[in-house]
Amino acid sequence: MRNLLRRGLLWLACGAAPVMAQTPYAGPLFDAHLHYNDDACVQDAPDPACPHPLTDVLARMQRNGVRAVLANSRPNAGTLALAGAREATHAAGVTVVPFVRLYRDRADYSGWFRDESIVELVTTELARGTPAGPYQGLGEFHLYDSANANGPVARRLMALAEEKQLAVLAHVDDVAIDLLMAATPSQGQKLRLIWAHTGIGGASVERVDALMARYPLLMGELSYRPGLTCGDGQLCPEWHSLLLKYPERFLIGSDTWVNQRWLYYDELMQSYRHWLGGLPASVARRIAWDNAATLFGVAHGNGRP
């Protein structure tokens, strides 16, 4: 006891407070960036060619307290498989929020913005809907050159999203954010755009702050975000401050774009719980669950609307 007291006095003498152990966030998680692509397998079969059948991916969600997912897949068959497995998702306590993806295959990643047939693909899917109800958004899509956000396909889809009140999941840089917002009738004031990774190439915290201030419905999804956490796995100071400034504007996601991400799904969710535990409880709950649940009308933390 005497040694502990002496150590505490030493901290105070140095002008610092003792570092307290963080308790990981223990509430529900909303995975707001999930893919169930064809290479993961979209059937339930005991086959080596099917590494992640529905039973596997739902078990990973369930044991990690993931109670809802924003699902989008290449092609859209994966999303439809998740949305159609209603008994299984209900048993796992997982709500599926389906998005229309713009990709039929890998070639569409780098050419969708110049392909008019993508607009037809989107409108056909929106008209068909899913077994879980209507699609609630578009994406994820990629723009590796921000200038392509000015193309006619991108502009038509952004205007369509705003008209139909669909959310958009966009893997783009900060320049493209401004261009995509400008393509809407409201100049981005009414477009619900989720910025995948909150910027590729590592847009500065100051730039993210400025875009959040400019566009009231812009949301930042935090998977793969460079500079988000420091050596202890906790938020770096500048990101800690930004999340406290905009607690209602950030989301978490797994981005299971390759099968390796499924293999490390547990670790990904644990890392989120770790740094969420360093935030005030109300802020942690918002980022982990409430923000996405409110955006998509998922009412309860057990994943059942």
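Residues numbered from 1 in each chain as written. Predicted model: local features only at pLDDT ≥ 70, side-chain atom pairs only at ≥ 80, totals over all residues. Heavy atoms only, no water.

Structural notes on the state of the cysteines
Item 1. Throughout the structure, instances matching the rule amount to two disulfides.
Item 2. For C230, the disulfide goes to C236, at an S-S distance of 2.1 Å. Across the S-S bond of C230 and C236 the torsion is about 130°, and the bridge reads as right-handed.
Item 3. Classification of C230 as partly exposed rests on a relative accessible area of 35%.
Item 4. In the chain, the cysteines engaged in disulfides, taken in order along the sequence, are linked 1-2, 3-4. (Disulfide = S-S within 2.5 Å. Buried < 20%, exposed > 50% of the residue type's maximum accessible area, 1.4 Å probe, protein only.)

Side note on the pairing of strand β5 (residues 167-171)
Item 1. Burial analysis of β5 places five of its five residues in the buried class, the great majority of the element.
Item 2. Every second residue of β5 is oriented toward a common face, with A167, L169 and H171 on one face and V168 and A170 on the other, all of them buried.
Item 3. In this sheet, β5 lies alongside strand β4 (residues 137-142) in parallel orientation, the contact comprising five bridges. Its bridge partner being in β5, G137 is matched across the sheet by A167.
Item 4. At this point the chain moves from β4, through helix α6 (residues 152-163), to the parallel β5, and the crossover so formed is right-handed.
Item 5. Both β5 and strand β6 (residues 193-195) contribute to a ladder of three bridges, which runs parallel. Within the sheet, the bridge partner assigned to L169 lies in β6 and is I194.
Item 6. Handedness of the crossover joining β5 and β6 through helix α7 (residues 174-182) is recorded here as right-handed. (Helix = DSSP H or I, 4+ residues; strand = E, 2+ residues; numbered from the N terminus. Pairing = 2+ DSSP bridges. Right-handed = clockwise from strand over helix to strand, strands pointing away.)

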